[in-house]
Amino acid sequence: MEMNTSLIFDIPFLSADMDRAVELAFAMAEEKPVTVATPNAEILEEARKNPSLREAVEKADLILPDGISVVLAGKILGCPVKKKLAGVEFGEEVIRRAAETGKSVYFLGAKPGVAEKAAEKMKEKYPGLPVAGTADGYFKDDEKAALRVKESGAWIAFICLGSPKQELFMKRFREKTGCRLHAALGGSLDVWAGNARRAPRFMIRLGLEWLYRLFREPKRFGRMIKIPRVLVRALRIRLFGKGKKDRG
Ligand code: UDP
């Protein structure tokens, strides 16, 4: 399948618009079980310390640049991606298409009750959406959670367990869930359920969604410090070349 990618920190991010991303995901999923990762600055920084997370991200079939810092890092490094592709928007476009084509979806993750609510809201918004099942993300037994997805017969699974749990789960069970398309989508179920709100459109357009999240959840500050770190790393590579420290 023809696909444009931009190598950012040696990770091949998809360079495309959202329609193309969704089209690619569905087309590839006809051939084999597909995984979609949505790394942002936090995940990229974490991947430097955690080789299994790094491998899980690298091995994903589609890697979406889910964050302004990834987009800026691409520009700094001279290999820009076409645009930011937010996981939560990708997920909703997949749902729209699933409703049109009758492909069933499993919603896995978030606190008890949230996945059901997200599924209900999405069914209201996209009538005809086949929901194969839902489960919260605080299970003890990963194997059993994956087995329940398989038993549901879902074609698509949204794995929303936070990072690195979601990427590792997806990598481990991609062949075992019976699903054709898996996407790791962080806090998307909270957004679809109406429990968390995305930034207003103008802030998203200005590349300030991170600032909105910081206002809403100041305790994220520690995690968000990784945004400038990614940019500093990109600058260092651009100015001084890639040292050993800069892989990953
Ligand atoms: N979560 C989960 N199981 C866990 C830990 C987290 O299902 O063991 C969920 C959590 O409830 C939230 C999501 O994973 O719905 C991660 O949200 P966060 O805001 O951290 O993700 P982001 O959107 O920033 O990637």
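The preceding data block contains the structure.
In what follows, the accompanying structure is described. Keep in mind the model is a prediction, meaning the values are calculated, not measured. (Residues numbered from 1 in each chain as written. Predicted model: local features only at pLDDT ≥ 70, side-chain atom pairs only at ≥ 80, totals over all residues. Heavy atoms only, no water.)

1. Notes on the packing of helix α3 (residues 51–58) against helix α8 (residues 165–173)
Running from N to C, α3 and α8 point in directions that differ by 65°, and their axes come no closer than 9 Å. The two elements α3 and α8 meet at a crossing, and its hand is left-handed. Of the residues in α8, those in contact with Ser52, Leu53, Glu55, Ala56 and Val57 of α3 are Glu167, Leu168 and Lys171. Its residues assigned to classes, the contact of α3 with α8 comprises 4 nonpolar, 1 polar and 3 charged. (Axes fitted to C-alpha atoms, helices over the stretch in contact; angles between N-to-C directions. Helix = DSSP H or I, 4+ residues; strand = E, 2+ residues; numbered from the N terminus. Left-handed = near helix turned anticlockwise from the far one by under 90°. Contact = heavy atoms within 4.5 Å. Nonpolar A, V, L, I, M, F, W, Y, C, P; charged D, E, K, R; others polar.)

2. Points about the sheet that holds strand β4 (residues 62–63)
Ordered in space as β4-β3-β8-β7-β5-β6, the 6 strands form an open sheet in which the pairing is parallel. Taken across any chain shown, the strands that pair with only one partner, and hence form the sheet edges, are β4 and β6 (131–135). Two elements, strand β7 (residues 156–160) and strand β8 (residues 181–184), share 4 bridges in a ladder whose sense is parallel. Its bridge partner being in β8, Ile159 is matched across the sheet by Ala184. Of the strands in this sheet, β3 (34–37), β5 (105–109), β7 and β8 are in contact with helix α5 (residues 87–101), which crosses β7 at around 155°. (Pairing = 2+ DSSP bridges.)

3. A few points about the site of the ligand
Close to the ligand lie 15 residues, the nearest being Gly137, Tyr138, Gly187, Asp190 and Arg220. Gly187 places a main-chain nitrogen or oxygen 2.8 Å from an oxygen atom of the ligand. The separation between an oxygen atom of the ligand and a polar side-chain atom of Asp190 is 2.5 Å. When the ligand is considered free in solution it has 560 Å² of accessible area, and contact with the protein chains removes 77% of it. (Near = heavy atom within 4 Å. Polar contact = N/O pair within 3.5 Å; in protein donor to acceptor, adjacent residues only side chain to side chain. Areas by Shrake-Rupley, 256 points an atom, 1.4 Å probe, with all protein chains shown as cover.)

4. Brief notes about the layout of surface pockets
Estimates place the volume of the second largest pocket at around 620 Å³. Lining the second largest pocket are 20 residues; nearest its centre among them are Ala86, Glu89, Arg198, Arg201 and Ile204. Going through the elements one at a time, α4 (68–76), α5, α9 (188–193) and α10 (201–205) are the ones with two or more residues in the lining of the second largest pocket. Considering every element that reaches the lining of the second largest pocket, the biggest residue donor is α5, with 4 residues. (1 Å grid on protein atoms, 1.4 Å probe; cavity = no way out; pocket = protein on both sides within 12 Å on 5 of 7 lines; lining within 4 Å. Points joined across faces, edges and corners; volume = space filled by probe spheres on them.)

5. Quick look at the pairing of strand β2 (residues 11–14)
As paired strands, strand β1 (residues 5–8) and β2 are joined by 4 bridges and run antiparallel to one another. Residue Thr5 lies in a different strand from β2, and its bridge partner there is Leu14. Hairpin connection between β1 and β2: a loop of 2 residues separates the two successive antiparallel strands, and Phe9 in this loop has a positive phi of roughly 55°.

6. A closer look at the pattern of salt bridges
Where charged atoms of side chains with opposite charge meet at close range, the side chains can pair. With the rule as written, the count across this model stands at 20 salt bridges. Among the ionic pairs, Arg172 bridges to Glu143, the shortest N-O distance being 3.1 Å. Separated by 29 residues along the polypeptide, Arg172 in helix α8 and Glu143 in helix α7 (residues 142–152) bring together distant segments of the chain. Glu143 sits in the partly exposed class, given a relative accessible area of 43%. Ionic contacts of the salt-bridge type, sharing partners, join the residues Glu42, Glu217, Arg220 and Arg223 into one network. (Salt bridge = Lys/Arg side-chain N within 4 Å of Asp/Glu carboxyl O. Buried < 20%, exposed > 50% of the residue type's maximum accessible area, 1.4 Å probe, protein only.)

7. Quick notes on helix α1 (residues 18–31)
Between the first and last C-alpha of α1 there are 21 Å, a value that for 14 residues agrees with the 20 Å anticipated at 1.5 Å per step. Turning to α1, its buried residues are Met18, Ala21, Val22, Leu24, Ala25, Phe26, Met28 and Ala29. The secondary structure elements touched by the buried residues of α1 are β2, β3, β4, α5, β7 and β8. (Expected span 1.5 Å × (residues − 1).)

8. Thoughts on the environment of Arg233
Inspection of the secondary structure puts Arg233 in helix α13 (residues 226–240). A sequence separation of 205 residues divides Arg233 from Met28, and the C-alpha atoms of the two residues are 33 Å apart. Within polar-contact distance, the side chain of Arg233 engages the side chain of Glu45 at 2.9 Å.

9. Section: the side chain of Glu42
Along the polypeptide, Glu42 turns up in helix α2 (residues 41–49). Of note is the side chain of Glu42, whose polar atom sits 2.8 Å from the side chain of Arg223. Setting aside its immediate chain neighbours within four residues, Glu42 contacts Arg220, Arg223, Met224 and Lys226.

Nothing here speaks to function; it is all geometry.
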